[in-house]
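One-letter residues, chain by chain:
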Number of protein chains: 2
Amino acid sequence: MTQPISKCTIKDVAARANVSVGTVSRVINGNPTVSREIVNRVTAAIVELGFKPNAAARSMRSNATKTIAFVVSDISNPLFAKIANSVERILKDNGFFVLFANTGNNRDREIKLMTLLDVGRVDAILLTVSDEKDPEILGGIKASRLPIVLLDREIDIDLDAVFSDHRSGMKKAAEYLWRLNHRRIALITGSLSERPGRERLAGFMEAHTDLGARFSPDLVRSGSLSEEFGFQETYDLLAHADRPTAIIAGGNRLVAGAIRAIRQLKLRIPDDISLIGCDETDLSNLLDPPLTVIARDMEAIGRAAGLILLRRLSNGAELKPAKVMLPTDFIIRGSCAELSGRAT
Amino acid sequence: MTQPISKCTIKDVAARANVSVGTVSRVINGNPTVSREIVNRVTAAIVELGFKPNAAARSMRSNATKTIAFVVSDISNPLFAKIANSVERILKDNGFFVLFANTGNNRDREIKLMTLLDVGRVDAILLTVSDEKDPEILGGIKASRLPIVLLDREIDIDLDAVFSDHRSGMKKAAEYLWRLNHRRIALITGSLSERPGRERLAGFMEAHTDLGARFSPDLVRSGSLSEEFGFQETYDLLAHADRPTAIIAGGNRLVAGAIRAIRQLKLRIPDDISLIGCDETDLSNLLDPPLTVIARDMEAIGRAAGLILLRRLSNGAELKPAKVMLPTDFIIRGSCAELSGRAT
DNA sequence: CTGAAAGCGCTAACAA
DNA sequence: TTGTTAGCGCTTTCAG
């Protein structure tokens with residue numbers, strides 16, 4: 001095994017192989033205009049010296065870092081982690097690294113991050129912003145010279161983006177509950193300043209409209225995707241006399257909060273309350289009864305995002321922004337009960 | 001808002017402010033030997049031009065990238081994600097970015113990654129290797145000129161490391177089951193070529209020895225930390241006539257597999273089988289009954305790792321490698337039953 | 001086909 | 001206190 005005792009540069013290789021640095025560079029970059037003879041000599045020298053081209057110097061010349069940033073609110077959310085995993089896999093195959101950054105849903109951090117990254121540190125950004133309307137955030141995005149791919153966000157700037165079809169999944173879920181004779185269905189979901197919250201609400205309302213059903217505003221709780229919000233709203237919903245018979249928790253953390261609240265109130269799923277969750281997690285399968293969910297393929301989302309990024313990076317800026325919509329899947333399991341009596 | 005239409009360099013700033021590039025550099029780096037007057041002028045020029053110092057050029061000079069690599073088998077494992085999150089937070093506060101890479105527990109990928117990173121792309125590595133004895137992996141680590149912090153791994157090279165005290169947690173768990181009159185206790189855990197698997201087994205054995213208990217080898221299944229392994233071994237364990245009365249699943253994915261197997265066999269926890277898991281996940285709290293677990297503070301692990309890294313990076317290589325052992329916590333919940341009859 | 005040389009943007013001597 | 005300049009390691013003309 002070669003021991004790269006001290007950092008060695010292209011110069012050392014050149015000296016060792018008795019060629020010029022330019023030639024070494026050509027060999028490294030697979031330039032075909034080098035004779036077999038010399039390629040061999042240089043390659044040998046590279047191996048013997050354990051030479052590795054310095055990334056900083058390269059990116060300084062080429063203006064490419066071969067790394068992309070993955071910016072989300074919280075990488076420890078298993079969903080983001082899955083997307084990150086998938087993104088990394090596809091990007092790695094193309095010689096890219098993934099830098100990741102948490103914003104903690106903090107507006108200022110998001111803005112700061114944009115400028116921190118836009119210094120030749122990464123070639124592009126995979127982004128999930130916390131507020132699609134915030135002028136400062138939009139300003140930061142506009143000011144960035146980097147290609148950006150949006151993850152499930154819709155803003156006023158025309159960018160590459162990959163979306164999930166929350167709306168139709170939600171619609172199916174609400175209709176399903178209706179068919180089980182539920183008439184008081186509650187929805188807990190994220191803020192309306194983020195696409196997932198808006199789309200889920202839209203699907204929920206669409207279902208009601210199509211069904212000719214009345215829509216009870218106090219049964220809709222939109223605010224945040226946090227577990228805490230899920231807990232509080234579920235608790236509040238169920239503590240009232242006129243409680244819903246079913247809850248749709250529109251967000252994977254919200255589900256955890258909802259279940260916690262249901263437990264605490266000593267209610268049973270689905271006998272006392274029917275529950276539908278979002279996204280596949282350990283919870284959905286391993287809960288007893290298993291959870292009926294609106295799911296999506298995180299792997300596919302990451303793959304799509306990675307592919308779009310690669311496309312943009314190789315085809316330049318003239319490309320029309322790609323918008324990819326990925327489906328959701330409504331998976332019926334055991335967490336919803338059929339109601340016998342017609343509740344109006 | 002300043003629009004950085006075209007990339008502008010230190011030179012442009014110098015021209016604009018009527019000073020030399022050296023002075024601009026001094027201002028950027030907060031060198032105190034610059035007059036107030038000029039600092040203001042340069043700062044103004046920087047703001048007006050929207051100048052941001054190029055990271056590649058800087059790291060080429062300073063030999064520091066201000067980014068560290070986080071290398072694990074699978075970032076989508078919620079535990080790693082939590083550590084990553086915590087690491088990122090502490091490192092970010094010190095101006096560092098985190099690059100992450102999945103190895104998928106693939107030996108070759110681990111080795112390749114080391115050389116891919118050791119090109120001035122990162123300043124240090126946070127590492128979890130898949131096999132502590134593999135000579136090629138060890139070779140790769142030795143060959144690396146980068147500071148490395150090991151996460152819960154023990155190898156023949158003296159490096160910074162942070163460990164979890166799996167052993168004592170496991171011991172407590174086994175003793176607890178014994179006190180509940182369990183006499184056939186099974187352990188499913190990871191490979192013995194990784195520290196967690198070894199330590200968990202050691203704790204398990206220690207408990208038996210201290211208790212003067214016989215030790216049934218076929219009740220110990222060590223192999224992998226995957227959910228699939230957890231499923232298969234649990235299934236196998238429970239399908240036999242002479243089945244254990246309790247299972248300890250030593251690994252967070254193993255728990256998921258174990259529960260799945262138990263469900264499939266239509267067994268109830270804890271009436272038919274007692275179960276102890278490892279690490280806090282949604283599962284542990286939200287399962288019914290909630291899971292008794294050997295837990296640890298992932299946040300603390302990430303913080304410790306980040307701090308050690310920072311220390312090494314600022315104090316240089318002469319420092320004696322730090323070894324930090326973080327505790328585990330045995331949390332009793334409802335997944336273990338007390339046996340009445342003495343089953344010898 | 002190969003070598004020489006000019007930078008990429010920045011920092012850090014060394015001068016002034 | 002400020003300006004000048006020599007590189008950091010590499011790629012890429014431009015000659016030869």
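Note that this is a predicted model, so its numbers are computed, not measured.

(A) Focus on the packing of aromatic side chains. In total, this model carries five aromatic pairs over all chains according to the counting rule given. An angle of 65 degrees between the planes, with centres 5.3 Å apart, marks the rings of tyrosine 176 of chain A and phenylalanine 330 of chain A as edge-to-face. Of the two residues, tyrosine 176 of chain A sits in helix 8 (residues 166–179) while phenylalanine 330 of chain A sits in strand 12 (residues 329–331), which places them 154 residues apart along the sequence. In terms of burial, tyrosine 176 of chain A and phenylalanine 330 of chain A fall into one category: buried. Sitting over the face of the ring of tryptophan 178 of chain B, arginine 183 of chain B holds its NZ or CZ atom 3.7 Å from the ring centroid. For the cation-ring pair, arginine 260 of chain B lies above phenylalanine 231 of chain B, with the distance from its terminal atom to the ring centre recorded as 4.4 Å.

(B) Broad picture of the protein's contact with DNA strand C. Lining the immediate environment of DNA strand C, one finds 24 residues, of which Thr23, Arg26, Ser35 and Arg61 of chain A together with Ile10 of chain B sit closest. For DNA strand C, the backbone makes up 54% of the atoms found within 4 Å of the protein, where backbone means sugar plus phosphate. Within the contact set of DNA strand C, a phosphate oxygen lies 2.7 Å away from a backbone nitrogen or oxygen of serine 35 of chain A. Asparagine 54 of chain B places a polar main-chain atom, nitrogen or oxygen, 2.9 Å from a phosphate oxygen of DNA strand C. Those elements that provide at least two residues to the surface near DNA strand C are helix 2 (21–28) and helix 4 (55–62) of chain A together with helix 2 (21–28) and helix 4 (55–62) of chain B. The residue makeup of the surface near DNA strand C, split by class, is eight nonpolar, ten polar and six charged.

(C) Layout of the state of the cysteines. Residues and elements named next belong to chain A. For the structure on display, the rule yields zero disulfides over all chains. Cysteine 278 forms no disulfide, and the closest cysteine sulfur to it belongs to cysteine 336, at a distance of 12 Å. With a relative accessible area of 3%, cysteine 278 lands in the buried category. Residue classification places cysteine 336 among the buried residues on the basis of a relative accessible area of 11%.

(D) Region of interest: the pattern of salt bridges. Following the criterion strictly, the structure yields 64 salt bridges over all chains and no others. Between arginine 268 of chain A and aspartate 272 of chain A there is a salt bridge; the shortest N-O distance is 3.2 Å. Since its relative accessible area comes to 26%, aspartate 272 of chain A is described here as partly exposed. For arginine 16 of chain B, the salt bridge goes to glutamate 48 of chain B, with nearest N and O atoms at 2.3 Å. A residue pair is termed long-range when its members are at least 10 positions apart, and arginine 16 of chain B in helix 1 (residues 10–17) and glutamate 48 of chain B in helix 3 (residues 36–49) qualify at 32 residues.

(E) A look at the domain arrangement of chain A. One can read the domain layout of chain A as domain 1 (1–53) and domain 2 (166–296). For domain 1 of chain A versus domain 2 of chain A, the distance between C-alpha centres works out to 62 Å.

(F) Seen up close, the protein's contact with DNA strand D. DNA strand D sits among 26 residues. The nearest are Ile10 of chain A together with Thr23, Arg26, Ser35 and Arg61 of chain B. Of all DNA strand D atoms lying within 4 Å of any protein atom, the proportion belonging to sugar or phosphate reaches 52%. A distance of 3.3 Å separates a base oxygen of DNA strand D from a polar atom in the side chain of arginine 26 of chain A. At 2.8 Å from a phosphate oxygen of DNA strand D is found a main-chain nitrogen or oxygen belonging to asparagine 54 of chain A. By residue number, the principal contributor to the surface near DNA strand D is helix 2 of chain B, which donates four residues. Residue composition of the surface near DNA strand D, by class: nine nonpolar, eleven polar and six charged.

(G) Inspection of the interface of chain B and chain A at higher detail. The interface of chain B with chain A comprises 53 residues on the first partner and 54 residues on the second. Buried surface at the junction of chain B and chain A, summed over both partners, amounts to about 4,900 Å²; 61% is from carbon and sulfur atoms. Considering only the surface of chain B that becomes buried against chain A, Phe97, Phe100 and Leu286 of chain B emerge as the three largest contributors, covering 16% of it. Our enumeration of links across chain B and chain A arrives at four salt bridges. Of the charged contacts, one joins lysine 52 of chain A and aspartate 118 of chain B as a salt bridge, the two residues approaching to 3.5 Å between their closest N and O atoms. On the surface where chain B and chain A come into contact, there are 19 residue pairs in polar contact (both at pLDDT 80 or more). Counting residues per element, the ones that place at least two in the side of chain B that touches chain A are helix 4, helix 5 (78–92), strand 2 (97–102), helix 6 (107–117), helix 7 (135–143), helix 11 (252–264) and helix 12 (282–286) of chain B. As defined by bridge partners, strand 2 (residues 97–102) of chain A adjoins strand 2 of chain B across three bridges and the pair is classed as antiparallel. By the bridge assignment, phenylalanine 100 of chain A is partnered in strand 2 of chain B with valine 98 of chain B.

(H) Molecular detail of empty space enclosed by the protein. All names here are of chain A. Inspection of the entire model under this criterion finds one cavity of 30 Å³ or more. Considered as a void within the structure, the largest cavity measures approximately 40 Å³ in volume. Considering the residues around the largest cavity, the lining is formed by Glu110, Ile111, Met114, Leu127, Val129, Ile137 and Ile141. At the level of elements, helix 6 (107–117) and helix 7 (135–143) are the ones that each hand at least two residues to the lining of the largest cavity. When residues of the lining of the largest cavity are assigned to their parent elements, the largest contribution, three residues, is made by helix 6. Here the residues of the lining of the largest cavity sort into six nonpolar, no polar and one charged.

(I) How the structure looks around helix 9 (residues 195–211) of chain B. All names here are of chain B. Here helix 9 contains 17 residues, and its C-alpha end-to-end distance of 24 Å stays within 8% of the 24 Å for a straight helix at 1.5 Å per residue. For helix 9, every residue scored as buried is listed here: Arg195, Pro196, Gly197, Glu199, Arg200, Leu201, Ala202, Gly203, Phe204, Ala207 and His208. Glycine 212 sits one or two positions beyond helix 9 and adopts a positive phi of about 65 degrees.

(J) Structural context of the sheet that holds strand 8 (residues 246–250) of chain B. Residues and elements named next belong to chain B. In spatial order, the strands read 7-6-8-9-10-12; together these six strands make up an open sheet with mixed pairing. The sheet is open, and its two borders are formed by strand 7 (220–222) and strand 12 (328–331), each paired with just one other strand. When strand polarity is set aside, the average angle formed by the axes of neighbouring strands in this sheet is 10 degrees.

(K) Representation of the relation of the copies chain B and chain A within the structure. Aligned on chain A, chain B shows an RMSD of 0.1 Å; the corresponding rotation is 180 degrees and the shift along the axis is 0.1 Å. A rotation of that kind, with that shift, is consistent with a two-fold axis. Minimal C-alpha distance to the rotation axis in chain B is attained by leucine 99 of chain B, lying at 2.1 Å. An overlap of 100% is found between the interface residues of chain B and their copies at the interface of chain A, pointing to a shared contact surface.

Procedures and definitions
- Residues numbered from 1 in each chain as written.
- Chains lettered and ligands numbered in written order.
- Predicted model: local features only at pLDDT ≥ 70, side-chain atom pairs only at ≥ 80, totals over all residues.
- Heavy atoms only, no water.
- Phe/Tyr/Trp six-rings, centres within 6.5 Å; stacked < 30°, edge-to-face > 60°.
- Helix = DSSP H or I, 4+ residues; strand = E, 2+ residues; numbered from the N terminus.
- Buried < 20%, exposed > 50% of the residue type's maximum accessible area, 1.4 Å probe, protein only.
- Lys NZ or Arg CZ within 6 Å of the ring centre and 35° of its normal.
- Near = heavy atom within 4 Å.
- Polar contact = N/O pair within 3.5 Å; in protein donor to acceptor, adjacent residues only side chain to side chain.
- Nonpolar A, V, L, I, M, F, W, Y, C, P; charged D, E, K, R; others polar.
- Disulfide = S-S within 2.5 Å.
- Salt bridge = Lys/Arg side-chain N within 4 Å of Asp/Glu carboxyl O.
- Domains from an automatic or database assignment.
- Contact = heavy atoms within 4.5 Å.
- Buried area = accessible area lost by both parts, 1.4 Å probe.
- Pairing = 2+ DSSP bridges.
- 1 Å grid on protein atoms, 1.4 Å probe; cavity = no way out; pocket = protein on both sides within 12 Å on 5 of 7 lines; lining within 4 Å.
- Points joined across faces, edges and corners; volume = space filled by probe spheres on them.
- Expected span 1.5 Å × (residues − 1).
- Axes fitted to C-alpha atoms, helices over the stretch in contact; angles between N-to-C directions.
- Least-squares fit on C-alpha atoms with pLDDT ≥ 70 in both.

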